[in-house]
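Here are the chains, one letter per residue:
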Amino acid sequence: MSNTTAIRIENLHKHFGWRKSKRVQAVKNLNLEVAAGQVYGFLGPNGAGKTTTIRVLLDLIRPSQGDVYLFGKHVQREREVLSRVGSLVEGASFYDFLSGRRNLEIFALTSNLDLPRARFDEVLKLVDMEARSVRRVKGYSTGMKQRLGIAAAMLTDPDLLILDEPANGLDPQGISEIRALVRRLADQYGKTIFLSSHQLGEVEQVCDRVAIVNKGELVREGRVADLVTAKAQFRIRANPVERAMAVIDGHWTTTPQAGSDDALLVDVADGETPLVVKRLVDNNIQVYEVSPHRQSLEDYFLSVTEGENSHVG
Amino acid sequence: MWVRLFRAEWRKITGNRWATGCMIGIFPALAFLVIVLGLLAAAFSSSFRASFEDNLWTELAIVPWLIPNNPLGRGLLLGFTAVLFAGEYQWNTWKTIVPRSQRVPLILVKFVAVALFVVFAFTLMSVIWGVGGGLLALATDTGYGPALSSDVLRDFATDYGRQMLYAFVGTMIAAGYASLAAMITRSILGSAITGIVLAIGETMLLVPLYLISSLLDTNTFLHFYRFLPSYNLLNVLSWSYDKSASGLELPSGGIVTDSRLFSEGVLACWVIGLIALTAVLFQRQDITN
């Protein structure tokens, strides 16, 4: 196993509950490999097993079966490897009776680090929390807590950052800042980032690769660019659209475009588009627009999770 | 590592002013208040001055150490420990801390921090009480012996150290109950209530054991009680004050007594056992909340 592999998950199974009848299988035979230096998206509907997997990665819970390696070291047997990991799991949690800065000091001490004052200033500046860090966490907004959580994760200058929904509770500007921060950490500082997020648009913009899990199982894995361009599709606006679908169906696969009354999506290679248009025109169907349709990660996500869940988590 | 973990724990304790103040800080604060009120009464009331009696500083300074082993003191200690242990679950902070550190040192340092903080608070109370007693004696013109001598100091140091040790043991047992309850309930209130039920239940166990022994006409069941912390704490305190065993009355007649060494051994086993059990449970636990 190479050290250029930041995360390696082998045959991971995790179930909760002792009694067989009430047992919940959260993760089923998950295999995953994340190369160092990547921004890796981890997607799935609510209850897909994402947070459970992240908890196993951080040794917060023990797998029922299987192994997890971080930088080539077994996370349960060689726990010291976790000192190379920063994490933010299911929202940031702090001692709300203490100030933000005091919380960071405690996290540094529990990481066996006596950091200079400048390091705290540095990470607080990174998340724009310098001025508010002397206030008690009790008065922080969710977004401020989230930013402080990222500061805590960055405190030890980790090689791997595991971020579970880091954009939760942030305003659009905050989301954009996190996106830029994540990309900068990977590009400039060579950090590996394992990111689970609700924001599929953000994932698409920031991640190099993604894994999609559903019902505890890995359903797709690959480069974002490959997944979103896997299908060659064209968007055609025509009238009447129902007849247009009937004329094309059987030759090419068509689907009505969601949210539009007069448009359909046709799975067709670039060179065949004139044939589709000719067929429509020959059948007295008015064609207003033909344009390449780029499948978004959200489209792809919904297609592979078979629309069983209308929202992601 | 241990020192840094301890510093982190100490900051959490001292930073949680409300819980720490209400459950532990209240004792030295109350001692200070009583002394101040006494001094005011001595300044303005001749009847108070006349009714004030001679005291022994060797006794007054030791009195605070009895608090951790009385029901009110133990209840507050259980609450304090519940906040420290179950708070990590309730505030969801374990998930941030646990990946950064080894689990067993984390939990062991919590015990050490609880114990040292309690010792610090009661030492402070003891100083306030002892010095305050002297000031009151001056204000009321009463005696405050015995006079300082090497024998007096040696005896005082021995008694003081022993009371401190028993208070420490009582604190550790209360902390053990509350920490175990915290592992299971994962809530501060749940941990405090379960801890108190365990502590009271253990004392009250004497009643059903006595009844069963009487009904079955055997002393066997009652002998279980001799291995519980409350009986042994009472026994060591009895040895310390009365120079004799507290004794356990048997249904068949007669009293069984145990030596100080026996009780100290049993208490040591309880302290080590409870801490070890907590550490093992924590080591194997899924931190899911």
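All values reported here derive from a predicted model rather than from experimental measurement.

What counts as what
Residues numbered from 1 in each chain as written. Chains lettered and ligands numbered in written order. Predicted model: local features only at pLDDT ≥ 70, side-chain atom pairs only at ≥ 80, totals over all residues. Heavy atoms only, no water. 1 Å grid on protein atoms, 1.4 Å probe; cavity = no way out; pocket = protein on both sides within 12 Å on 5 of 7 lines; lining within 4 Å. Points joined across faces, edges and corners; volume = space filled by probe spheres on them. Helix = DSSP H or I, 4+ residues; strand = E, 2+ residues; numbered from the N terminus. Buried < 20%, exposed > 50% of the residue type's maximum accessible area, 1.4 Å probe, protein only. Pairing = 2+ DSSP bridges. Nonpolar A, V, L, I, M, F, W, Y, C, P; charged D, E, K, R; others polar.

Caption draft 1: Molecular detail of empty space enclosed by the protein. All names here are of chain A. Tallied over the entire structure, the rule returns four cavities of 30 Å³ or more. Around the largest cavity sit Pro166, Ala167, Ile175, Ile178, Arg179, Val182, Leu195, Ser197, Gln199, Glu202, Val203 and Val206, which together line it. For the lining of the largest cavity, the secondary structure elements donating two or more residues are helix 5 (172-187) and helix 6 (200-206). Per-element tally for the lining of the largest cavity: the top contributor is helix 5, with four residues.

Caption draft 2: Structural view of the pairing of strand 7 (residues 160-164) of chain A. All names here are of chain A. Of all the five residues making up strand 7, five are buried; the element is thus mostly covered by neighbouring parts of the structure. Across the two faces of strand 7 the burial is the same, with Leu160, Ile162 and Asp164 and Leu161 and Leu163 all buried. Pairing analysis gives four bridges linking strand 6 (residues 85-88) to strand 7, with the strands arranged parallel. Among the inter-strand pairings, serine 87 is bridged to a residue of strand 7, identified as isoleucine 162. Alignment of strand 7 against strand 8 (residues 192-196), held across five bridges, turns out to be parallel. Within strand 8, the position partnered with leucine 160 by the bridge is threonine 192.

Caption draft 3: The arrangement of the layout of surface pockets in detail. Size it by volume and the largest pocket reaches roughly 530 Å³. Lining of the largest pocket is provided by 17 residues; of these, Lys14(A), Trp18(A), Arg284(B), Gln285(B) and Asp286(B) occupy positions nearest its centre. At the level of elements, strand 1 (5-16) of chain A together with helix 8 (150-185) and helix 13 (260-284) of chain B are the ones that each hand at least two residues to the lining of the largest pocket. Looking at the lining of the largest pocket, the element that brings in the most residues is strand 1 of chain A, giving three residues. Of the residues assigned to the lining of the largest pocket, the class counts are six nonpolar, five polar and six charged. In this structure, the second largest pocket occupies an estimated 450 Å³ of space. Lining the second largest pocket are 21 residues, with Asn69(B), Pro71(B), Arg74(B), Thr203(B) and Ser230(B) positioned closest to its centre.

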